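Given next are the chains, with one letter for each unit.
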Amino acid sequence: MSCCLAGISAATASAAKLQGAGSTLIAPLEAEWGAAWGNQTGNSVTYSPVGSGSGYKDIAAGLVDFGASDAPLSVYSSPACHNCVQIPWGLTATGVSFHVNGLRRLHLTGPTLAKIYLGQITNWNDPALERLNGHKLPNLPISVFYRSDSSGDTYAFTRYLSDVSGPFAKQVGSSTTVRFPKGTGAKGNTDMAGAVQGTNGSIAYVAVSYLINASLPAAAIQNRGGRYTVPNLSAIEAAARAFRGVPASNQVTIVNPSKHAKSAYPISTYTYAIVPTNASQGGTLRSFLYYCLGGGQKLGPRLDFAPLPKAVLTKARRTVGSIQ
């Protein structure tokens, strides 16, 4: 831990400013990290929640000091991000929220959710939905919402649906931006949460911290073990425990873990800081990232960000140390 403290003390010598951009999923936690680190060091962080894809483009173009993405570097083919590394710094989930007047709980399987987003299930009283939930549902059209911007939540969501549904994988596929055959686009998690709040009959995929902030419900999704789970801390941690190794690239994908992870929420995800190893403000950037991976981890749970597993944390800190 001495490396981390050294990084922070070095940064206090003179005030500095960092700029970041990207994931809206990480934005609520990043705001707390930036404020707390700034109070400790006298430095500051300005972060623009423009979506994972835009954050990647900004760091690739050298417009910011760090990018943030819930999708790994392997998803992005251009522009090239020279000397960039990805550092897992947050662990959370993409929830599936809904707004049906009078309905407080909802059970969904992956294939059924895929059919909703493929436009094959269009009404809440569809027999498949009523069977899953054990009671009648209202005769109400389903209003589907999806992210219109390049989004890491879209990546996690579509990767999950592609894994559980062959037709979805063939027709839509998995990426930060896809062409959904049905629905209305909304930009960022804030707008997605607002769309659910304002539309009776709606369904949308939204980062969990935004569901908490807006007091929105999350559907219970059936995992591969057959259990219906909601995206709370214990279910996110159970998904992470199912994947023990950390590859050299730091890419750790935990969507749809095996049936042995009986308590896991199946649309859990890591989110990454993307940084160049030859950073223009290397010492300050290391200081901030060490804080996020150190004391900053304690700020996550109330926003449904679970602490990083030890193996992931160790590898992430080692990668921070490679920044010059």
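All residue numbers refer to position in the chain's written sequence, counted from 1. Predicted model: local features are reported for residues with pLDDT of at least 70 only, side-chain atom pairs are reported and counted for 80 or more only, and whole-chain, interface and lining totals are derived from all residues. Side-chain calculation: all heavy atoms of the structure are included, whereas hydrogens and water are not.

1. Looking at the overall build of the protein
- Starting at the N terminus, helices and strands are each numbered in turn, a helix being any DSSP run of H or I of at least four residues and a strand any DSSP run of E of at least two. Across its full length, the protein holds 12 helices and 11 strands.
- In this setup the radius of gyration rests on C-alpha atoms only. A globule is expected at 2.2 Å times the number of residues raised to 0.38. The C-alpha radius of gyration of the protein comes to 20 Å, within 12% of the 20 Å expected for a compact globule of 324 residues.
- Projecting the C-alpha coordinates of the protein onto the three principal axes gives extents of approximately 65 × 35 × 35 Å.
- We call a residue buried when its accessible area falls under 20% of the maximum for its residue type, exposed when it is over 50%, and partly exposed in between, using a 1.4 Å probe and counting protein chains only. When each of the 324 residues of the protein is scored for burial, the buried share is 57%.
- Considering only residue pairs separated by 6 or more positions, the protein has 75% of its internal contacts joining residues 24 or more positions apart.
- Here the protein has roughly 13100 Å² of accessible surface; of this, 49% comes from carbon and sulfur atoms. Throughout, a residue-residue contact means that at least one pair of heavy atoms, one from each residue, lies within 4.5 Å. Here the accessible surface of atoms and residues is derived via Shrake-Rupley with a 1.4 Å probe, and residues count as covered only by protein chains that are part of the display.

2. Comments concerning the packing of helix H11 (residues 282-293) against helix H12 (residues 310-320)
- The interhelical angle for the contact between H11 and H12, taken along N-to-C directions, is 175°, at an axis separation of 10 Å. Relative to H12, H11 is oriented roughly antiparallel. Where H11 abuts H12, its residues Arg286, Leu289, Tyr290 and Leu293 lie against Leu313, Ala316, Arg317 and Val320.
- In terms of residue class, the contact of H11 with H12 is built from six nonpolar, no polar and two charged. Orientation is described by lines fitted to C-alpha atoms, with helices fitted over the stretch in contact, and by angles between N-to-C directions that extend from 0 to 180 degrees. An angle below 35 degrees is read as roughly parallel, one above 145 as roughly antiparallel, one from 65 to 115 as roughly perpendicular, and any other as oblique. Asp, Glu, Lys and Arg are counted as charged, while Ala, Val, Leu, Ile, Met, Phe, Trp, Tyr, Cys and Pro are counted as nonpolar; the rest, among them Gly, fall into the polar class.

3. Examining the nonpolar core
- What makes a nonpolar core is a set of buried Ala, Val, Leu, Ile, Met, Phe, Trp, Tyr and Cys residues whose side-chain atoms join them at distances within 4.5 Å. Residues Ile87, Trp89, Val96, Leu108, Tyr117 and Ile203 are the most contacted members of the largest nonpolar core, which totals 95 residues.
- With near-sequence residues (within four places) excluded, Ile87 lies in contact with Asn250, Thr271, Tyr272, Ala273, Val275, Leu289, Leu293, Ala316, Thr319, Val320 and Ile323.

4. Digging into the sheet that holds strand E7 (residues 184-186)
- Here, strands pair whenever DSSP counts at least two bridges between them. Here eight strands make up an open sheet; going across it, the order is E2-E1-E3-E11-E4-E8-E6-E7 and the pairing mixed. Two strands bound the open sheet, and with one partner strand each, they are strand E2 (44-48) and E7. This sheet shows a mean twist of 25° between the axes of neighbouring strands, independent of strand direction.
- As defined by bridge partners, strand E4 (residues 84-99) adjoins strand E11 (residues 268-276) across nine bridges and the pair is classed as antiparallel.

5. Describing the sheet that holds strand E10 (residues 228-229)
- Spatially, three strands are ordered E5-E9-E10 in an open sheet, and the strand pairing comes out mixed. Pairing within the sheet leaves two strands with one partner each, and these edge strands are strand E5 (107-108) and E10.
- Relative to E10, strand E9 (residues 220-222) runs antiparallel, the two being bridged by two bridges. Directly across from Gln222, in E10, lies its bridge partner Tyr228.

6. Here we look at the pairing of strand E1 (residues 17-22)
- Taken together, the five bridges between E1 and E2 define a ladder with parallel strand orientation. Looking across to E2, one finds that Gly20 is bridged to Tyr47.
- Judged from the three bridges that link them, E1 and strand E3 (residues 66-69) form a sheet pairing that is parallel. In the strand pairing of E3, Gly20 is matched with Phe66.

7. Description of the packing of aromatic side chains
- Geometry of aromatic contacts follows a simple scheme: Phe, Tyr and Trp rings, the Trp one being its six-membered ring, pair when their centres are within 6.5 Å, and the pair is stacked under 30 degrees between planes, edge-to-face over 60, tilted otherwise. Following the criterion strictly, the structure yields 14 aromatic pairs and no others.
- For the pair Phe66 and Trp89, a centre-to-centre distance of 5.9 Å together with 80° between the ring planes defines the contact as edge-to-face. With a gap of 23 residues between them, Phe66 in strand E3 and Trp89 in strand E4 connect regions that are remote in the sequence. You'll find Phe66 and Trp89 in the same group, each marked buried.
- Measuring from ring centre to ring centre gives 4.9 Å for Tyr117 and Phe157, while their planes differ by 70°; the resulting arrangement is edge-to-face. Of this pair, Tyr117 sits in helix H4 (residues 110-117) while Phe157 sits in helix H6 (residues 152-164); the two residues are 40 residues apart in sequence, bridging distant segments of the chain.
- A network of ring pairs unites the aromatic residues Trp33, Trp37, Tyr47, Phe66, Trp89 and Phe288 as a single cluster.

8. Brief notes about the pattern of salt bridges
- By salt bridge we mean one thing: a side-chain nitrogen of Lys or Arg within 4 Å of a carboxyl oxygen of Asp or Glu. Following the criterion strictly, the structure yields four salt bridges and no others.
- Residues Arg302 and Glu32 are paired through a salt bridge, measuring 2.1 Å at the closest nitrogen-oxygen approach. You can see Arg302 sitting in the loop between H11 and H12 and its partner Glu32 sitting in helix H2 (residues 27-41), a full 270 residues away along the chain.
- Across the pair Arg147 and Asp149 runs a salt bridge whose closest N-O atoms are separated by 2.7 Å.
- The network of salt bridges with shared partners includes Arg147, Asp149 and Asp153.

9. Focus on unusual backbone geometry
- Residue Pro79 is reached from Ser78 by a cis peptide bond, and omega for that bond is -5°.
- Structurally, Pro79 is set in the loop between E3 and E4.
- Unlike most non-glycine residues, Asn256 shows phi in positive territory, near 55°.
- Relative to the helices and strands, Asn256 resides in the loop between helix H10 (233-241) and E11.

10. Digging into the environment of Val255
- In this structure, Val255 sits in the loop between H10 and E11.
- Val255 gets classed as buried once you look at its relative accessible area, which sits at 11%.
- Taking the C-alpha atoms as reference points, Val255 and Tyr265, separated by 10 residues in sequence, lie 8.5 Å from one another.
- Those residues in contact with Val255 that sit more than four places away from it in its chain are Ala156, Arg159, Tyr160, Phe243, Pro266 and Ser268.

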